[in-house]
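# Notes for the structure review
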Amino acid sequence: MQIPINRWQIARARRIVATSARRTLGLSDHRRWSNLNNYRLSWDTRTRQLSEWIPDNSHVIEFGAGRCVMQSLLPHGCTYTPSDLADRGPGTIVLDLNSRPLPQLPTTYDVAVFGGVL
């Protein structure tokens, strides 16, 4: 008996294979993470929880800034620098953490947030 396969299943299988290959090779998915529609709103809860650990008046850099939700949740007096695979607006440091050598950052920070790896 032959099981019918639809286009969605084929597309999903291709994504799984491509993701596995990227992970094996240590490459980033620029196309996926450059599109803000691929970020889940449910991640905002995690970002809110992380922001509660940041002290007032901290210089913060967020790696994998995505929609830059962290910026609006920071405590009093904090400065925020987004960093991501794609430009997220003024002040963004565009970098791929999977590419070497890593660039020298333009300043020092008190707190680095890597929320996407949690």
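Residues numbered from 1 in each chain as written. Predicted model: local features only at pLDDT ≥ 70, side-chain atom pairs only at ≥ 80, totals over all residues. Heavy atoms only, no water.

## As for the sheet that holds strand S2 (residues 79-84)
To keep it simple, the criterion reads: Two strands form a pair only when DSSP identifies at least two bridges running between them. Numbering of helices and strands starts at the N terminus; helices are DSSP runs of H or I of at least 4 residues and strands are runs of E of at least 2.
Taken in spatial order, the 4 strands of this open sheet run S3-S2-S1-S4, and their pairing is parallel. Across the chains shown, the open sheet's two edge strands, defined by having one partner strand only, are strand S3 (93-94) and strand S4 (111-113). Sheet topology places strand S1 (residues 59-63) next to S4; 3 bridges connect them, and they run parallel. Following the sheet pairing, Ile61 is matched in S4 by Ala112.

## What about the pairing of S1?
Using the following cut-off: Working definition: with a 1.4 Å probe on protein chains only, accessible area under 20% of the residue-type maximum means buried, over 50% means exposed, and in between means partly exposed.
Extensive coverage of S1 is indicated by the burial of 4 of its 5 residues. The pairing of S1 with S2 spans 5 bridges and is parallel. Its bridge partner being in S2, Glu62 is matched across the sheet by Pro82.

## With respect to the packing of aromatic side chains
Stated formally: Centres within 6.5 Å are what make two rings of Phe, Tyr or Trp a pair, Trp counting through its six-membered ring; a difference in plane orientation under 30 degrees is then read as stacked, over 60 as edge-to-face, and the rest as tilted.
Inspection of the entire model under this criterion finds 1 aromatic pair. Considering the side-chain rings of Phe63 and Phe114, the 4.6 Å spacing of their centres and the 20° angle between planes classify their relative orientation as stacked. Of this pair, Phe63 sits in strand S1 while Phe114 is found in the segment after S4, placing the two residues 51 residues apart along the sequence.

## Side note on the pattern of salt bridges
Stated formally: Salt bridge, as applied in this entry: a Lys or Arg side-chain nitrogen positioned within 4 Å of an Asp or Glu carboxyl oxygen.
Tallied over the entire structure, the rule returns 2 salt bridges. As a salt-bridge pair, Arg88 and Asp84 come within 3.1 Å of each other at their nearest N and O atoms. Take Arg88 and Asp84: they sit in the same class, and that class is buried.

## Observations regarding the environment of Leu73
Using the following cut-off: Should any heavy atoms of two residues lie within 4.5 Å, those residues are considered in contact.
Residue placement: Leu73 occurs in helix H4 (residues 69-73). Overall, the relative accessible area of 23% leaves Leu73 in the partly exposed class. Separated by 19 residues in the primary sequence, Leu73 and Ile54 place their C-alpha atoms 9.9 Å from one another. Each residue touching Leu73, except ones within four places of it in the same chain, is listed here: Thr47, Arg48 and Ser51.

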